[in-house]
Amino acid sequence: MSEYRIILASNSPRRRELLSGLDLDYEVKVLPDIEESYPEGLPTAEIPVYIATEKAVAYKTLMLDDELIITADTVVVLGDEVLGKPTDLDDARRMLHELSGKTHQVITGVCLKTREKQRQFAVTTDVTFKELTDEEIDYYVEKYQPLDKAGAYGIQEWIGYIGVTGLNGSYFNVMGLPVQRIYKELKVF
């Protein structure tokens, strides 16, 4: 892993915290206004990989030969509906009501890119919420910051402590970066 200078292309404090947990030296570089849209009709499981790859491609002309860029995108999927970041607090409440008492999937797509190579993958985790009361949802939405999180929640925050009753897969993936898989992929990159 030491042959590359690792660049995390993300403003997310959670992603920085998680990547730091791997004890890797890295820098953060973020380009402004990278588009996070995807083609209509793209299967939900492919959306985060598509977006993560598009983010990585945006860095291609700026990359040095010894740099490896890590980009990621996380979506919450309930049935066939993709729950991205809420547009406002009412939208956050709506999303949490939809997730209440159900199991959903959190899918994080990751792209590892150098000038010569590219590898992308997705990690899926099933998350089950208990039935959330209106009071619990209102408390979380008013006290925490759900607007910058896919599905309007952070599992590492209060709502995760009191609401998540089941988890099948990577906890860190739900936080926004599947570090176990990234470590594995970096070792063979």
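Residues numbered from 1 in each chain as written. Predicted model: local features only at pLDDT ≥ 70, side-chain atom pairs only at ≥ 80, totals over all residues. Heavy atoms only, no water.

### Quick notes on the packing of aromatic side chains
Scanning all chains against the criterion turns up five aromatic pairs. Ring geometry for Phe129 against Tyr153: centres 4.9 Å apart, planes inclined by 85°, an arrangement best described as edge-to-face. Pair noted here: Phe129 is in strand β6 (residues 118-129) and Tyr153 is in the loop between α4 (134-143) and α5 (158-163), with a separation of 24 residues, a long-range link. With relative accessibility at 2%, the residue Phe129 sits in the buried group. When the centroid spacing of 5.2 Å and the interplanar angle of 20° are considered together, the rings of Tyr140 and Tyr144 count as stacked. Classification of Tyr140 as buried rests on a relative accessible area of 0%. (Phe/Tyr/Trp six-rings, centres within 6.5 Å; stacked < 30°, edge-to-face > 60°. Helix = DSSP H or I, 4+ residues; strand = E, 2+ residues; numbered from the N terminus. Buried < 20%, exposed > 50% of the residue type's maximum accessible area, 1.4 Å probe, protein only.)

### Describing the side chain of Thr53
Along the chain, the position of Thr53 falls in helix α2 (residues 47-57). Dropping the residues within four chain positions of it, Thr53 is found in contact with Cys111, Gln118 and Gln120. (Contact = heavy atoms within 4.5 Å.)

### Describing helix α3 (residues 89-99)
Listing the buried residues of α3 in full gives Asp91, Ala92, Arg93, Met95, Leu96 and Leu99. Close packing links the buried residues of α3 with β3 (67-78), β4 (81-83), β5 (103-113), β6 and α4. The N-capping residue of α3, defined by a side-chain oxygen 3.2 Å from the backbone nitrogen of Asp90, is Asp88. Positive backbone phi, at 75°, marks Gly101, one or two positions downstream of α3. (Polar contact = N/O pair within 3.5 Å; in protein donor to acceptor, adjacent residues only side chain to side chain.)

### Describing the environment of Asn168
Note that Asn168 resides in strand β7 (residues 164-168). For the pair Asn168 and Val127, spaced 41 residues apart in sequence, the C-alpha separation works out to 6.6 Å. If we ignore the near neighbours within four places in the chain, the residues touching Asn168 are Thr124, Thr125 and Asp126.

### So, the side chain of Thr114
Within the fold, Thr114 resides in the loop between β5 and β6. From its side chain, Thr114 meets the backbone nitrogen of Glu116 in a polar contact 3.2 Å long. Those residues within four positions of Thr114 in sequence are excluded, and the remaining contacts are Tyr4, Met63, Glu67, Leu68 and Phe189.

### Considerations on α2
The element α2 is largely enclosed, with a buried count of eight among its eleven residues. Regarding α2, the residues found buried are Ile47, Pro48, Val49, Ile51, Ala52, Thr53, Lys55 and Ala56. Of the surrounding secondary structure, the elements contacted by the buried residues of α2 are β3, β4, β5 and β6.

### Overview of a nonpolar patch on the surface
Taken together, Leu167, Tyr171 and Phe172 make up a surface patch of nonpolar side chains, about 240 Å² in accessible area. The exposure class assigned to Phe172 is partly exposed, which follows from its relative accessible area of 32%. (Patch = residues over 30% accessible without salt bridge, like charges linked within 9 Å, V, L, I, M, F, W, Y side chains within 5 Å. Areas by Shrake-Rupley, 256 points an atom, 1.4 Å probe, with all protein chains shown as cover. Salt bridge = Lys/Arg side-chain N within 4 Å of Asp/Glu carboxyl O.)

### Details of the nonpolar core
In this structure, Ile70, Leu112, Tyr153 and Ile182 are the most contacted members of the largest nonpolar core, which totals 40 residues. Not counting the four nearest positions on each side in its chain, Tyr153 is found in contact with Val76, Leu96, Leu99, His104, Val106, Val127, Phe129, Tyr140, Ile159 and Val174. With six residues, the next largest nonpolar core counts Leu42, Ile47, Val77 and Ile107 among its residues. (Core = buried A, V, L, I, M, F, W, Y, C linked by side-chain atoms within 4.5 Å.)

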